[in-house]
Amino acid sequence: MADITAAMVKDLREKSGAGMMDCKKALSETSGDMDAALDWLRTKGLAAAQKKSSRTAAEGLVGVAVSGTKGAAVEVNSETDFVAKNEQFQNFVREVTQIALASGGDVEAIKAAQMPSGTTVAEALTNNIATIGENQSIRRARSLSVSQGAVVAYVHNQQAPGLGKIGVLVALESAASDEVLQGLGKQLAMHIAAAFPKALNEEDLDEAEIERERAIAAEKAGESGKPADIIAKMVEGSIAKYRKEHALVSQLFVMDGKTKISDVVAKAGKDAGAEIKLVDYVRFQLGEGIEKEVSDFAAEVAAASGVPQPV
């Protein structure tokens, strides 16, 4: 059996919201496998429906920029939040975002592009690491464009213009006025920041993730003791609910809690007298999916002295 440490239990508690003893038991049952332990808790009804990406600890900034019918988002990571407040770092992220706006979302192409100073982005990044004293990286980038309409940007937890913890882009194809599209786009972007959709449409959801949800739903339904045909319907009902809750167009608008996003867009188009199509979106949350090792000084001292830590 794998050794279950206090740090592992703490990590699982933060990800699941379950109690300490339940987390310890889940880790014991799954030989310390964090993902399997989370699924075990969910099967027992002891955890939330999904991991909270807001629990991740990676630092840095997300930058967004828009020009006409194009937009770009970039995530640049650093080791500490202190660096995110550094003017040199902020200027670097802002300039890299503008380069992504011009050249697209390929990170390697962005690194090879030239900065306003004349150096390449990769050279400027190396210089930042040397002068600021922390490791930094351009983690990801993406650009959106429409032939007619608008790409609208929104930054949540903004630290400087166009820079923050969550960056959102919304691409709207339409002949409607810019005023209408900007207003609608801002509302949709705020919804996306809060609701965290995983895909634009239900058919775009990750099938591997769907199958994982199906397995969890099947195990939970199987514990009901109901006939197989009823269990099958319960599982399919759970999957249908999952698809609706995680596809943007079928989510309920956070502003009123009852109108589907697809209906919000359709009504805006009807009111404007011109069809509006929500064609794509980007949502970058700082550190999403990154596990950052947390140093526990007290635990390190105890380990060095041979004193076991209570779980």
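The numbering scheme is per chain: residues are counted from 1 as the chain's sequence reads. Where totals are concerned, whole chains, interfaces and linings use all residues; where local detail is concerned, this predicted model gives features only for residues with pLDDT of at least 70, and gives and counts side-chain atom pairs only at 80 or more. Hydrogens are left out, water is left out, and the side-chain values use all remaining heavy atoms of the structure.

**Student:** I'd love a proper account of a nonpolar patch on the surface, names of residues and values included.
**Tutor:** Exposure above 30% relative accessible area and the absence of a salt bridge qualify a residue for a patch, where like charges join within 9 Å and nonpolar side chains (Val, Leu, Ile, Met, Phe, Trp, Tyr) within 5 Å. Only the protein chains shown count as covering a residue, and every accessible area follows the Shrake-Rupley method with a 1.4 Å probe. Salt bridges are counted wherever a side-chain nitrogen of Lys or Arg sits within 4 Å of a carboxyl oxygen of Asp or Glu. There is a patch of nonpolar side chains on the surface, built from Met190, Val254 and Met255 and spanning about 250 Å² of accessible area. Looking at the secondary structure, you find Met190 in helix 8 (residues 178-195). Judged by relative accessible area, which is 33%, Met190 ranks as partly exposed. Only DSSP runs of H or I reaching four residues or more are called helices, and only runs of E reaching two or more are called strands; each is numbered from the N terminus. The classification of residues rests on relative accessible area computed with a 1.4 Å probe and restricted to protein chains. Under 20% of the type maximum is buried, over 50% is exposed, and intermediate values are partly exposed.

**Student:** How would you sum up the pairing of strand 7 (residues 276-285)? Please name residues and give values.
**Tutor:** The buried count for strand 7 comes to seven of ten residues, which makes it a mostly enclosed element. As judged from the nine bridges shared by strand 6 (residues 166-174) and strand 7, these two strands associate in the antiparallel manner. What sits directly across from Leu172, in strand 7, is Leu278. In short, DSSP must find at least two bridges between two strands for them to pair.

**Student:** Residue-level account of the sheet that holds strand 7, with values.
**Tutor:** The strand order across the open sheet formed by three strands is 4-6-7, and the pairing between neighbours is antiparallel. For this open sheet the edge positions go to strand 4 (149-156) and strand 7, each flanked by a neighbour on one side alone. With direction set aside, neighbouring strand axes in the sheet form an average angle of 15°. Relative to strand 6, strand 4 is paired through eight bridges, and the arrangement is antiparallel. Bridge pairing in strand 6 places Ala153 opposite Leu169. Strands strand 4, strand 6 and strand 7 of the sheet are contacted by helix 8, whose axis makes an angle of about 140° with strand 6. Structural elements are reduced to axes, namely lines fitted to C-alpha atoms, with helices fitted over the stretch in contact, and the angle between N-to-C directions of any two is expressed from 0 to 180 degrees. Only heavy atoms matter for contacts: two residues are in contact if any of them lie within 4.5 Å across the pair.

**Student:** Tell me about the environment of Val107, and please be specific about residues and values.
**Tutor:** Here Val107 shows up in helix 6 (residues 107-112). Taking relative accessible area as the criterion, Val107 reaches 16% and is therefore assigned buried. Val107 sits 31 residues away from Ile138 along the chain, and the two C-alpha atoms are 7.1 Å apart. Ignoring anything within four residues of it in the chain, the contact list for Val107 reads Ile138, Arg139, Arg140 and Ala141.

**Student:** Can you lay out the pattern of salt bridges for me, pointing to particular residues and giving the numbers?
**Tutor:** Applying the stated criterion to the full structure yields 15 salt bridges. Here Glu108 and Lys111 are joined by a salt bridge, their closest N and O atoms 3.8 Å apart. Of this pair, Glu108 and Lys111 both sit in helix 6, three residues apart, which is roughly one turn of the helix. We classify Glu108 as exposed; its relative accessible area is 54%. Each of Glu59, Asp81, Lys85 and Lys165 takes part in a single network of salt bridges with overlapping partners.

**Student:** Could you give an account of the environment of Gln148, naming the residues involved and the relevant values?
**Tutor:** Mapped onto the fold, Gln148 is located in the loop between strand 3 (136-145) and strand 4. Once the C-alpha coordinates of Gln148 and Ala175 are considered, the two residues, 27 residues apart in sequence, prove to be 6.5 Å apart.

**Student:** So, the packing of helix 8 against helix 11 (residues 261-272): which residues are in play, and what are the values?
**Tutor:** Running from N to C, helix 8 and helix 11 cross one another at 170°; their axes reach a closest spacing of 11 Å. By the angle between their axes, helix 8 is roughly antiparallel relative to helix 11. Packed against helix 8, whose contacting residues are Val180, Leu184, Leu188 and His191, the element helix 11 presents Ile261, Val264, Val265, Ala268 and Ala272 at the interface. Residues that form the contact of helix 8 with helix 11 fall into these classes: eight nonpolar, one polar and no charged. Working definition: roughly parallel below 35 degrees, roughly antiparallel above 145 degrees, roughly perpendicular at 65 to 115 degrees, and oblique for all remaining angles. All residues other than Ala, Val, Leu, Ile, Met, Phe, Trp, Tyr, Cys, Pro, Asp, Glu, Lys and Arg, Gly among them, are scored as polar; the first ten of these are nonpolar and the last four charged.

**Student:** So what's going on with the sheet that holds strand 5 (residues 163-164)? Which residues, and what values?
**Tutor:** With respect to topology, four strands assemble into an open sheet ordered 3-2-1-5, the strand pairing being antiparallel. What marks the edges here is a single partner per strand, and that holds for strand 3 and strand 5. Relative to strand 3, strand 2 (residues 70-78) is paired through nine bridges, and the arrangement is antiparallel. What sits directly across from Ala73, in strand 3, is Arg142. This element, helix 5 (residues 87-103), spans strand 1 (59-67), strand 2, strand 3 and strand 5 of the sheet and lies at about 145° to strand 2.

**Student:** Explain the confidence of the model for the protein to me, and be specific about the residues and the numbers.
**Tutor:** Reading fine detail from the predicted coordinates is not recommended where pLDDT is low. Think of pLDDT as the predictor's per-residue confidence, scored from 0 to 100. Confidence along the protein averages 87 in pLDDT terms, with 89% of residues attaining 70 or more. Helix 12 (residues 297-305) is the least confidently modelled element of the protein, averaging 45 in pLDDT, while strand 6 averages 98, the highest of any element. Contacts of residues 49-57 to residues separated by more than four positions or lying in other chains number 22 contacts, the stretch itself having pLDDT below 50. Across residues 300-307, confidence stays below pLDDT 50; counting only partners more than four residues off in sequence or on other chains, it has three contacts.

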